Amino acid sequence: MTDATPPERRTRAAQERLRAHGDDAAVLFPSHNLTYATGFSEEPGERHLLAFLPADGDPVFLVPELYDSQVRRATWIDDVRTWSDDGDPAARIADLVAELDLDGGHVLVDDTMHARFTQDLRTAAPDATFGLASEVFAPLRVRKDDAELAALRRAAEAADAVVRDLRERGSELVGETERAVAGLIEDRLAAHGGDGVSFGPTVGAGPNGAMPHHTYGDREIQAGEPVVLDFGTRIDGYPSDQTRTLVFGDEPSDRVREVHDLVCRAQQAAVDAVAPGVTAGEVDAAARDPIEAAGYGDQFVHRTGHGVGLAVHEEPYIVADSDCELEPGMVFSVEPGVYLDDEFGVRIEDLVVVTEEGCERLNETVRGLGVN
Ligand code: ZN
Ligand code: ZN
């Protein structure tokens, strides 16, 4: 007997939860849940591509014929059934619903399944009731397994390597546009083994850094102004997401130093607070308290962090008053910021994984302004 692959182990864990909840099956559609459970990943499309996970027994893929070998290569699931473009996929769904005896049962459908596919399921199982697949998948996905942690670590290393590249360029970046630096970041992420970007990079120079969701524009980087650099890539499907605020070419003002030190201390305080059993709200407070005490509370305009997994933003959210208790294996960002309108912004972000004792940072590059 060979060891089960991570997707098979996850599927078996999901089936255990289906049985515990009295659900009869989960039906997945191209989504993070599908990737998680099957190993196959695809964008949602117009063709019927579904995976049926019964509470008992083996899962079944129903895929367009042109996907046959692609799906078989990617997944551990043996039972892959195909339909051809001149066939009737709704009828194949009805066949599977009958075979798995789902009519009259309770069926979880993928949260992001397009309505026309759920409609086919409803037509095939008029007496079934329906719920959302996240009921079983969210509690599993929130605690990362070893394969997921390995991918997240590698993605974090690629992002860290690009931060080092940017620091090395130093004053060479003065006069470059934010757009050019964003392009450089994308190139360097790929050079360090990353697969594309996990989200559009932020290069927020000077006043643009005061807008937390600014991406990049045509502003040229000035010597001595802080630049908010927030970016990530993917490795084996898992993203990185980190932020450094750097200064190039000249010393920054005392005010920039003061705010940067404050954000650095707030970030450290929040990381220090992370441990199993601590609530997400307590971690948010650990970041927010020093910023409020320094008089910048109103300029820290977002939550302290978000979970990171197959989705760049997922549970747990590190937000004020959340009573979500942290558990080993959870991965999330810790990213306090201070945004001074028309002046500049500072944000520092690392991903952390909750361990049995506390937490471990996945991003390890220095957090200083790094003037050179
Ligand atoms: Zn970020
Ligand atoms: Zn983030």
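Counting starts from 1 at the beginning of each chain's written sequence and moves along it residue by residue. Chain labels run from A onward and ligand labels from 1 onward, assigned in the order the entries are written. In keeping with the model being predicted, local features are shown solely for residues with a pLDDT of at least 70 and side-chain atom pairs are shown and tallied solely at 80 or more, while totals for entire chains, interfaces and linings include all residues. Values shown for side chains rest on all heavy atoms present in the structure; no hydrogens or waters enter the calculation.

Concerning the packing of helix α7 (residues 146–169) against helix α8 (residues 178–191)
Two elements in contact, α7 and α8, have axes separated by 9 Å at closest approach and are oriented at 130°. Of the possible angle classes, the one that applies to α7 and α8 is oblique. Crossing geometry of α7 relative to α8 is assigned as right-handed. Residue-level inspection shows Ala 158, Ala 159, Val 162, Asp 165, Leu 166 and Arg 169 of α7 in contact with α8, the latter providing Val 181, Leu 184, Ile 185, Arg 188 and Leu 189. Angles shown run from 0 to 180 degrees and are taken between the N-to-C directions of axes, each axis being a line fitted to C-alpha atoms and, for helices, limited to the stretch in contact. A run of H or I in DSSP becomes a helix once it reaches four residues, and a run of E becomes a strand once it reaches two; helices and strands are each numbered from the N terminus. Any angle that is under 35 degrees is reported as roughly parallel, and any over 145 degrees as roughly antiparallel; angles of 65 to 115 degrees are reported as roughly perpendicular and all others as oblique. Less than a right angle of anticlockwise turn of the near helix away from the far helix marks a crossing as left-handed, whereas a clockwise turn marks it as right-handed. Contacts are assigned to residue pairs with any non-hydrogen atoms lying within 4.5 Å of each other.

Some thoughts on the sheet that holds strand β5 (residues 106–109)
The sheet built from six strands is open, its strands ordered β4-β3-β2-β1-β5-β6 with mixed pairing. Of all strands in the sheet, those with a lone pairing partner are β4 (80–83) and β6 (129–132), marking the two edges. Between one strand and the next, the sheet's axes are offset by a mean angle of 25°, whatever the strand orientation. Here strand β2 (residues 50–54) pairs with strand β3 (residues 60–64) via three bridges, running antiparallel. Paired with Leu 50 across the two strands is Leu 62, which belongs to β3. Helix-sheet contacts for helix α4 (residues 89–99) involve β2, β3 and β4, and the interaxial angle to β4 is about 150°. For two strands to be treated as a pair, DSSP must find no fewer than two bridges joining them.

Some details on the coordination of the zinc ion (ligand 1)
Distances from the zinc ion (ligand 1) to its protein donors, Asp 230 (OD), Asp 230 (OD), Asp 241 (OD) and Glu 349 (OE), fall within 2.0 to 2.5 Å. For Na, K and Ca the donor cut-off is 3.2 Å, and for all other metals it is 2.8 Å, counting N, O and S atoms only; because water is absent from this set, sites may look incomplete. For four-coordinate sites, all angles between 85 and 135 degrees define a tetrahedron; for four- and six-coordinate sites, opposite donors beyond 155 degrees with the remaining angles between 65 and 115 define square planar and octahedral shapes respectively, and all other cases count as irregular. The site at the zinc ion (ligand 1) holds four donor atoms, and with the angles between them running 56 to 147°, its shape is irregular. We note that the donor set of the zinc ion (ligand 1) lies within a single chain, spaced as D-x10-D-x107-E. Here the zinc ion (ligand 1) and the zinc ion (ligand 2) are spaced 3.1 Å apart, and both take Asp 241 as a donor. Taken together, the residues span a long stretch of sequence, with Asp 241 in the loop between β10 (238–239) and β11 (242–247) and Glu 349 in the loop between β16 (344–347) and β17 (350–354) at a distance of 108 residues.

Considerations on the coordination of the zinc ion (ligand 2)
Surrounding the zinc ion (ligand 2) are the protein donor atoms Asp 241 (OD), His 306 (NE2), Glu 335 (OE) and Glu 349 (OE), at 2.1 to 2.3 Å. Around the zinc ion (ligand 2), the four donor atoms sit at angles spanning 80 to 160°, and that spread fits a shape best called irregular. The motif formed by the donor residues of the zinc ion (ligand 2), counted along the single chain, is D-x64-H-x28-E-x13-E. Only protein chains enter the accessibility calculation, which uses a 1.4 Å probe; a residue is then buried when its area is under 20% of its type maximum, exposed when over 50%, and partly exposed in between. By relative accessible area, Glu 335 is classed as buried at 10%.

Brief notes about the domain arrangement of the chain
For every domain, the bounds stem from an assignment made automatically or drawn from a database. Looking at the assigned domains, one finds that the chain contains domain 1 (6–141) and domain 2 (146–361). Computed over C-alpha atoms, the centres of domain 1 and domain 2 are 36 Å apart. Domain 1 puts seven residues into the contact, and the matching count from domain 2 is seven residues. The term buried area denotes the loss of accessible surface (1.4 Å probe radius) that occurs when two parts are joined, taken as the sum for both partners. Roughly 540 Å² of surface becomes buried between domain 1 and domain 2 when both sides are summed, with 54% attributable to carbon and sulfur atoms. Counting the surface domain 1 buries against domain 2, the share from its top three residues, Arg 10, His 32 and Arg 141, is 64%. In what follows, salt bridge is the name for a side-chain nitrogen of Lys or Arg lying within 4 Å of a carboxyl oxygen of Asp or Glu. In this structure, the connection of domain 1 to domain 2 is made through one salt bridge. Salt-bridge contacts for Arg 141 lead to Glu 314; the nearest nitrogen and oxygen are separated by 3.0 Å. As used in this structure description, the phrase polar contact means that two N or O atoms lie within 3.5 Å; if the pair is within protein, one of them must be able to donate a hydrogen and the other to accept it, and residues adjacent in sequence are counted only when both atoms belong to side chains. Our count for the domain 1 to domain 2 interface comes out at one residue pair in polar contact (both at pLDDT 80 or more). Those elements that place two or more of their residues in the side of domain 1 that touches domain 2 are α1 (6–21), α2 (32–38) and α6 (134–141). Of all the elements, α2 adds the most residues to the side of domain 1 that touches domain 2, at three residues. Residues are sorted three ways: Asp, Glu, Lys and Arg are charged, Ala, Val, Leu, Ile, Met, Phe, Trp, Tyr, Cys and Pro are nonpolar, and all the rest, Gly among them, are polar. Along the lines of polarity and charge, the residues of the side of domain 1 that touches domain 2 split into three nonpolar, two polar and two charged.

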